[in-house]
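Understanding the architecture of this molecule
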Amino acid sequence: MRIVFATNNEHKLDEVRRMLGGSMEVLSLADIGCHADIPETGATLEENALQKARYVYDNYGLSVFADDTGLEVDALGGAPGVMSARYAGGKGHDSEANMAKLLAELGENNNRRARFRTVIALLEKTDGGGEPRLTAFEGVVEGEITRRRSGSAGFGYDPVFRPDGYAETFAALGPEVKNSISHRARAVKKLADYLLSARR
């Protein structure tokens, strides 16, 4: 079976392909010739993930899944949330600017509780040929925002996010530990379990 992962991020692709083993062929956007800048205009992570999956399904007619991730900080009312990658404004994903804004917004607030959340939307072709079947998966890691950056691995907000049960930030823990406990790994595992069980 072939399925599209609506991304060109090689790390994400490798992670999913490894978890699914040889049970199915996971294609990237480049693999299917999709070079469009797929819009992400949803108000929630769920809407963005579905929007990306829907674009691929409607234009290429293939079973597809897409993900979206956000950092939710309690003291900021759940911000940056769906705006995590563009929190500081401007074009592109400026991690340094995003972290600087986050730490400035929190200031000396002692409530540092936060979570990373990944949502995956899966659209599967049905035998009847009508509307695709939608299934969603979620992965969450609870933790807190540190007062200063720590660690050089990872990306995004990893240098200021310390997951519960660990003394170091995601960036200081390193990719092997982070990838084993991360929000995306948890969501992907649910997706993989579903896809593998459906084909037994």
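Here is a short report on the structure shown in this document. A quick note: this is a predicted structure, and the numbers were derived from the prediction, not measured.

1. Points about the overall build of the chain
Across its full length, the chain holds six helices and seven strands. Sequence-ordered secondary structure for the chain, helices as α and strands as β, is β-α-β-α-β-β-α-β-β-β-α-α-α. Taking 16 Å as the expected radius of gyration for a compact globule of 200 residues, we find that the chain reaches 17 Å, a close match to that expectation. Each of the three principal axes of the chain carries a C-alpha extent, and together these read 55 × 30 × 25 Å. Long-range pairs, those at least 24 residues apart, make up 56% of the contacts in the chain with a sequence separation of at least 6. Just so you have it, the chain exposes about 9900 Å², and 48% of that area is on carbon and sulfur atoms. Between the averaged position of the 26 positive side-chain charges in the chain and that of its 29 negative side-chain charges there is a distance of 2 Å.

2. A word on the nonpolar core
In this structure, Leu71, Leu102, Ile145, Tyr157 and Phe161 are the most contacted members of the largest nonpolar core, which totals 17 residues. Going through the elements one at a time, strand 3 (64-73), helix 3 (95-106), strand 5 (113-124), strand 6 (133-145) and helix 4 (170-173) are the ones with two or more residues in this core. No other element matches the four residues that helix 3 contributes to this core. Counting residues in each nonpolar core, the second largest holds 16 residues, with Phe5, Leu20, Met24 and Val26 among its members.

3. Brief notes about unusual backbone geometry
Cis geometry is adopted by the peptide bond preceding Pro80, which originates at Ala79 and carries an omega value of 0°. Following the sequence through the fold, Pro80 ends up in strand 4 (residues 80-81).

4. A closer look at the side chain of Thr135
By the secondary structure assignment, Thr135 is in strand 6. Each residue touching Thr135, except ones within four places of it in the same chain, is listed here: Ile120, Ala121, Leu122, Glu124 and Tyr194.

5. Comments concerning the pairing of strand 5
Burial analysis of strand 5 places 11 of its 12 residues in the buried class, which makes it a mostly covered element. Across 10 bridges, the pairing between strand 3 and strand 5 is antiparallel. Residue pairing in the sheet places Thr69 in a bridge with Thr118 of strand 5. Relative to strand 6, strand 5 is paired through 12 bridges, and the arrangement is antiparallel. The residue bridging Ala121 from the neighbouring strand is Ala136, located in strand 6.

Scoring rules and cut-offs
- Residues numbered from 1 in each chain as written.
- Predicted model: local features only at pLDDT ≥ 70, side-chain atom pairs only at ≥ 80, totals over all residues.
- Heavy atoms only, no water.
- Helix = DSSP H or I, 4+ residues; strand = E, 2+ residues; numbered from the N terminus.
- Rg over C-alpha atoms; globule rule 2.2 N^0.38 Å.
- Contact = heavy atoms within 4.5 Å.
- Areas by Shrake-Rupley, 256 points an atom, 1.4 Å probe, with all protein chains shown as cover.
- Lys, Arg positive; Asp, Glu negative; His and termini not counted.
- Charge placed at Lys NZ, Arg CZ, Asp CG, Glu CD.
- Core = buried A, V, L, I, M, F, W, Y, C linked by side-chain atoms within 4.5 Å.
- Buried < 20%, exposed > 50% of the residue type's maximum accessible area, 1.4 Å probe, protein only.
- Pairing = 2+ DSSP bridges.

In short, geometric facts, not functional conclusions.
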